[in-house]
Every structure is written in C-alpha cells, then in structure tokens.
Amino acid sequence: MTDTVEPGSEAYEKYHEAGDILSQVLDEAAERVEVGAKHIDVAEYAEERIRELGGRPAFPVNISVDNEASHASPHADDDVEFGEEMVCLDVGVHVDGYIADAARTVDLSGNPELKEAAEEALDAGLDVVEAGAHTGEIGAEVADVIEAYGYQPIVNLSGHGLEQWDAHTDPSVPNRGTQQGTVLEAGDVLAVEPFATTGSGKVTEGSKTEIYSLVEDRSVRNRQARQVLETVREEYRELPFAKRWLDSPRADMAVRRLEMEGILRSYPVLHESDGELVGQAEHTIIVTEDGYEATTE
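This report concerns the structure included in the present document. (Residues numbered from 1 in each chain as written. Predicted model: local features only at pLDDT ≥ 70, side-chain atom pairs only at ≥ 80, totals over all residues. Heavy atoms only, no water.)

Observations concerning the sheet that holds strand E17 (residues 291-294)
(1) Moving on: Pairing is antiparallel in the open sheet, where 5 strands are placed in the order E7-E6-E8-E16-E17. Either end of the sheet is taken by a strand with one partner, and the two such strands are strand E7 (166-173) and E17. Across this sheet, the average inter-strand angle for adjacent strands is 40 degrees, counted without regard to direction.
(2) Moving on: Sheet topology places strand E8 (residues 189-192) next to strand E16 (residues 283-288); 4 bridges connect them, and they run antiparallel. By the bridge assignment, alanine 191 is partnered in E16 with threonine 284. (Pairing = 2+ DSSP bridges. Helix = DSSP H or I, 4+ residues; strand = E, 2+ residues; numbered from the N terminus. Axes fitted to C-alpha atoms, helices over the stretch in contact; angles between N-to-C directions.)

Now the structure itself:
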C-alpha cells in the first residue's frame, strides 16, 4: 500500500513539484505531436525538458500509437514519424524519487470521441475520490462513461499507487467496477488512468521491448554487464529506464545478459488484443478527507 503523505511535508511538496514540471512538459510535448514529426524527437525533447526544469524522468516517455496501450518508447536510432494515428503520451517525472505520472491522448486519426471517452472517464472516476472511497467505485464510474460512448475499458490495465522510488505500487485502481479493492485514506498518492478502446478491452504483450528496470541487484562477471548495472544502480535505482539512455557500446548485449540472469525485467509493448485503437488519460492525485489534489493539473 502506498505511504500516506501529510500536507506541508517534504514528500508532499516534492510530489507537487514533480507534478508541476510534468504538467508543463506534457503540454509542450503534446504540441509537438503532429504528422511528420519523429517519435524520438518528441521523447527526447520531453526527457531533456524535464531535466531543465529540475526534475528527472521517472520512466522513459511512452509514445503509444493506435493499438499500442503502454510501454512503447523509441530506440536510439528510431526514425519513425507520426502519421494519421491515435497517439498516447505517458510521461513520468520524479524529484528526489517522488513521482508524478500523467498521460494524454493526441488524436491525429479522426476519432476524437475515443480521446473524449478516456478524458471524461478520468473526470468521473476522480469525482468519487475521497478518504473512505473504494477503488472499485472509481472503476465503476470509469467503465460507465467509456461504455456509454460505445467503447470498452481495458480491464487488464489499471491505475496504481505511487511511493518514493516506486512508480507502480498498491493499490490497484481498476477500470471497471469490482468488489475487491482498497478503501482509500487521506494522503494516499495514486495515478488514475482509464484506457478506452474500440476493441474488446484487453491487452497482450508484443515482442518489442525498449524499457527495463532493476529487480535484483547482485554481482555479475561480464564486464559490460557490470558497467551497465552500475549505471542503472546509480542513475535509475528501481525506476524504469530506456536502453537508449545507456552510454555503452554494447548496451543491447549487456541488457540481454542482465535480463537472462534475472537482474533486470523487461516491459514489452502492450497491444490491444484485437488490434483496435486505444485512448488514455491519466492524472496523479493525493487523496484528501473530502476529495483529492491533482498534482499534474
């Protein structure tokens, strides 16, 4: 379960600082998403802008297109350009490990109602947030809005808690109504993120992976792998990182070795199982006695 945060505490202030940086960067990055622009240029712009404003990326910028739902991030030599597509930007910022996480859909595909469904579902889910609310209530509101549009929520993706240096912790915040779940407390830090799709509402893992994180820190014999592990340990800790962030001539091989040894975990790109379009909206919030504070608005 996420740690509770007291107003005025150092953690509270840094969560808000991270959210302020993210809000500005997400606005600027979204403006750069247009037909003909390169994915890598948008990702690197956003990541560098985060650093300029005093934060650090909490994970690589996710740029998910059409049927991609999450974990899509360009590789170092990527020359892919945006077309007439549904584009989801998911950005994370941390300040001393205190994380903000938010996402926005930019519709270049001519399907604005899918974007609207995700955004309205987020608003509806947040409307029921307060101390004592159940996470299943949030999911029920999210699903009601998305289904009213004629779409489906993606049920095997969910929102999540945030802790210092941990971008994905309990509680899970579902995208459908459920009896199981968690009663929220004042000070809980959550990322609420509805996904709406024109498909049946489930995602599956693809074969492409550019994002990894450290799961077990132990010694390795291979020199290149040892150098990559040292960088990951010092620069990113347990937060997700991109292979393109590694300044190593044999980074691919070293990462593959570390994954095989169970030291790193990979995050394959997630696709809507029917190959259908996905729209996403997300904010980070701090739960209060009678509502919430959105750090990323």
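Points about the environment of glycine 275
(1) Moving on: Of note, glycine 275 is situated in the loop between strand E14 (270-272) and strand E15 (278-280).
(2) Moving on: Judged by relative accessible area, glycine 275 falls into the partly exposed class, the value being 44%.
(3) Moving on: With 146 residues separating them along the chain, glycine 275 and valine 129 place their C-alpha atoms 32 Å apart. (Buried < 20%, exposed > 50% of the residue type's maximum accessible area, 1.4 Å probe, protein only.)

Observations concerning helix H6 (residues 251-260)
(1) Moving on: Of the positions making up H6, those classed as buried are Ala251, Ala254, Val255 and Leu258. The buried residues of H6 occupy an angular sector of 100 degrees when the element is viewed end-on, so they sit on one face.
(2) Moving on: Looking at the buried side of H6, the elements it contacts are strand E11 (211-214), helix H5 (223-235) and strand E13 (264-266).
(3) Moving on: Positive phi shows up at glycine 262, right after H6, with a value of about 80 degrees. (Arc of directions from axis to C-beta. Contact = heavy atoms within 4.5 Å.)

Points about the packing of H5 against H6
(1) Moving on: For the pair H5 and H6, interaxial distance at closest approach is 8 Å and the crossing angle is 85 degrees. In terms of their interaxial angle, H5 and H6 are classed as roughly perpendicular. On the side of H5, the interface is formed by Gln224, Ala225, Val228 and Leu229, while H6 contributes Ala254, Val255, Arg257 and Leu258.
(2) Moving on: Looking at the contact of H5 with H6, its residues break down into 6 nonpolar, 1 polar and 1 charged. (Parallel < 35°, antiparallel > 145°, perpendicular 65-115°, else oblique. Nonpolar A, V, L, I, M, F, W, Y, C, P; charged D, E, K, R; others polar.)

Topic: empty space enclosed by the protein
(1) Moving on: Scanning the entire structure with this criterion turns up 1 cavity of 30 Å³ or more.
(2) Moving on: Approximately 60 Å³ is the volume attributed to the largest cavity.
(3) Moving on: Surrounding the largest cavity, Arg51, Arg56, Pro57, His94, Glu235, Tyr236, Leu239, Pro240 and Trp245 form its lining. (1 Å grid on protein atoms, 1.4 Å probe; cavity = no way out; pocket = protein on both sides within 12 Å on 5 of 7 lines; lining within 4 Å. Points joined across faces, edges and corners; volume = space filled by probe spheres on them.)

Some remarks on the environment of alanine 11
(1) Moving on: Considering the arrangement of structural elements, one finds alanine 11 in helix H1 (residues 10-31).
(2) Moving on: Separated by 190 residues in the primary sequence, alanine 11 and glycine 201 have C-alpha atoms spaced 36 Å apart.
(3) Moving on: Those residues in contact with alanine 11, other than ones at most four positions away along the chain, are Val5 and Tyr98.

Regarding the layout of surface pockets
(1) Moving on: By volume, the largest pocket amounts to about 700 Å³.
(2) Moving on: What lines the largest pocket is a set of 35 residues, among which Ser70, His71, His160, His168 and Tyr267 lie closest to the centre.
(3) Moving on: Those elements giving two or more residues to the lining of the largest pocket turn out to be strand E1 (56-65), E7 and E11.
(4) Moving on: No other element matches E7, which puts 4 residues into the lining of the largest pocket.
(5) Moving on: For the lining of the largest pocket, a count of residues per class yields 16 nonpolar, 11 polar and 8 charged.

A word on the environment of leucine 229
(1) Moving on: Here leucine 229 shows up in helix H5.
(2) Moving on: A relative accessible area of 2% means that leucine 229 is categorised as buried.
(3) Moving on: It is 9.0 Å that separates the C-alpha atoms of leucine 229 and arginine 218, two residues lying 11 residues apart in sequence.
(4) Moving on: In this structure, leucine 229 is in contact with Leu214, Asp217, Arg218, Val220, Leu258 and Ile263, ignoring residues within four places of it in sequence.

Quick notes on the packing of aromatic side chains
(1) Moving on: For the structure shown, the criterion picks out 5 aromatic pairs.
(2) Moving on: Judged by centre distance (5.6 Å) and plane angle (15 degrees), the rings of tyrosine 236 and phenylalanine 241 are stacked.
(3) Moving on: Taking relative accessible area as the criterion, phenylalanine 241 reaches 0% and is therefore assigned buried.
(4) Moving on: With a centroid separation of 5.3 Å and 45 degrees between ring planes, the pair formed by tyrosine 236 and tryptophan 245 is classed as tilted. In this structure, tyrosine 236 and tryptophan 245 share a single accessibility class: buried.
(5) Moving on: Aromatic rings pair up to connect Tyr212, Tyr236, Phe241 and Trp245 into one cluster. (Phe/Tyr/Trp six-rings, centres within 6.5 Å; stacked < 30°, edge-to-face > 60°.)

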